[in-house]
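# An overview of the molecular structure
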Amino acid sequence: MLSDEITKARRGNITASEAHAIMTGWDAKEPVDDFPAEIFDWIKLNEKKPTVGVIKDAVKCGVTGKLIDAAWKMYQFQKPSQGLITYAETLACQELFYADPALQVSSQHMVNGNERELEATELLSKATGLNFVRTGDDQMHLSVNRIGATPDGLVYDDLDLIEAGGEVKCRSDLHHARQVFIEDNVTMMELDFARYCQMQVGCYVTEANRWYSASYNPLARVEGLEFNYCVIHRDDAFLDVFKQRAALTFEYKQMFMDKLMERAAKKEAA
């Protein structure tokens, strides 16, 4: 369970555990077909794909269906996902509203996870031979550029710099069983994209070059299924896209906050 201090520090900022909300289609290829900027600007202004007949009198450049298609593909590529917009607006609300205590409810899975987390971290240390610190109640929330992460454990090098982080899960039987199949970056991205995002953002915030993913369920009937861990390496190509998406998220967050504040000012003045 995160402390009240950490929970407050996370509000309004992008957090590693929620980063997947803005990373849909992160590896989509940028369209390469050329098109006049005027057509793209018209589409961006009107937020719809025009026909040749609709747009030809509004722009001075030559217009064909092929050029419209090319501009539309670029518009769709650059257009933020609804998930990004929703998350940005959620962050704005975290700035403008107090946290509702009635919504701070823990499920039994969360209770089990909190109770078993330290044991799982100890198993991870034993399996890797690494000394994971800042665990349990000593967890530390780290933030850079309004992006935060709360690792389940950290490994420091001889210079006292963060070398690696750890993320442990102790969830349902099915969640744990699926984690057993995760071995590396590729399988993590395929089988648990949200967790992949979380660990990559952890690497970004801490400047670590790798993250350890562990899953633990002491109720497994087969000993080999109780505990599983793997190493997830820093993915700079992924993080380059993440940084772009994060900047866009904060833009939309500010836009939504400005609209809300403008609306509030009008109501107060009425």
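One structure accompanies this document, and this report is about it. (Residues numbered from 1 in each chain as written. Predicted model: local features only at pLDDT ≥ 70, side-chain atom pairs only at ≥ 80, totals over all residues. Heavy atoms only, no water.)

## A closer look at the overall build of the chain
What counts is decided by this rule: To qualify as a helix, a DSSP run of H or I must reach at least 4 residues; to qualify as a strand, a run of E must reach at least 2; elements of each kind are numbered from the N terminus. Any residue under 20% of the maximum accessible area for its type is buried, any over 50% is exposed, and the rest in between are partly exposed; the area is computed with a 1.4 Å probe on protein chains only. Contacts between residues were defined by any pair of non-hydrogen atoms, one from each residue, lying within 4.5 Å. What sets the accessible areas is the Shrake-Rupley method with a 1.4 Å probe; for residues, cover comes only from the shown protein chains.
Along its length, the chain carries 10 helices and 7 strands. Principal-axis analysis of the C-alpha atoms gives the chain an extent of 70 × 50 × 40 Å. Out of the 270 residues belonging to the chain, those deemed buried represent 40%. Restricting the contact set of the chain to residue pairs at least 6 apart, pairs at least 24 apart contribute 67%. Accessible surface computed for the chain: about 16,000 Å², of which carbon and sulfur atoms make up 52%.

## So, the sheet that holds strand S4 (residues 153-156)
Quick reminder of the rule: The pairing criterion is simple: DSSP has to find at least two bridges between the two strands. Angular values range over 0 to 180 degrees, each being the angle between N-to-C directions of two axes fitted as lines to C-alpha atoms, with helices fitted over their stretch in contact.
A sheet is described by the order of its strands in space; here 4 strands give the open sequence S4-S5-S6-S7, paired in mixed fashion. Each of the sheet's edge strands pairs with one partner strand only, and the pair in question is S4 and strand S7 (227-233). Neighbouring strand axes in the sheet, compared pairwise and without regard to direction, differ in orientation by 20° on average. Packed on one face of the sheet, helix H9 (residues 193-206) meets S4, strand S5 (162-169), strand S6 (210-216) and S7 and runs near 140° to S6.

## Regarding the sheet that holds strand S1 (residues 14-15)
Taken in spatial order, the 3 strands make up an open sheet running S1-S3-S2, and their pairing is mixed. The open sheet terminates on both sides in strands that have one partner only, identified here as S1 and strand S2 (142-144). Contacts from H9 reach S2 and strand S3 (147-149), with the element oriented near 110° to S3.

## Details of helix H2 (residues 37-46)
Put simply, the test is: For this quantity, the arc is that covered by the directions from the helix axis to the C-beta atoms.
Regarding H2, the residues found buried are Ile39, Phe40, Trp42 and Ile43. Taken end-on, H2 shows its buried residues confined to a sector of 160°, consistent with a single buried face. Facing away from the buried side of H2, by more than 90 degrees, are the exposed residues Ala37, Lys44 and Leu45. Here the buried face of H2 lies against helix H3 (52-55) and helix H4 (65-78). Positive backbone phi, approximately 55°, marks Glu47, located one or two places after H2.

## Quick look at the pairing of S5
For S5, the tally of buried residues reaches 7 of 8 residues, placing the bulk of the element in the interior. Bridge analysis of S4 against S5 gives 4 bridges, and the strand direction is antiparallel. Residue pairing in the sheet places Leu154 in a bridge with Gly165 of S5. Between S4 and S5, which pair antiparallel one after the other, the connecting turn spans 5 residues, and Asp160 there sits at a positive phi close to 65°.

## Regarding the layout of surface pockets
Applicable threshold: Definitions used throughout: a 1 Å grid over protein atoms alone; a cavity as a set of points that fits a 1.4 Å probe which cannot get out; a pocket as an open set with protein on both sides within 12 Å along at least five of seven lines; a lining residue as one with an atom within 4 Å of a point. Grid points are joined across faces, edges and corners, and a volume is the space filled by probe spheres set on the points.
Here the second largest pocket defines a volume of roughly 410 Å³. Along the wall of the second largest pocket there are 18 residues; nearest its centre are Phe77, Gln78, Lys79, Val241 and Arg245. Looking at the lining of the second largest pocket, the elements that each hand over two or more residues are H4 and helix H10 (236-269). It is H10 that contributes the most residues to the lining of the second largest pocket, 6 residues altogether.

## Some thoughts on unusual backbone geometry
With a phi close to 55°, Asn145 is a non-glycine residue in the positive phi region. On the basis of relative accessible area, Asn145 is assigned to the exposed category, the value being 54%. Backbone geometry at Arg146 places phi at a positive 65°, although glycine is not the residue there. Within the secondary structure, Arg146 is located in the loop between S2 and S3. Exposure remark for Arg146: the relative accessible area of 45% places this residue in the partly exposed category.

Function cannot be inferred from these measures alone, as they are strictly geometric.
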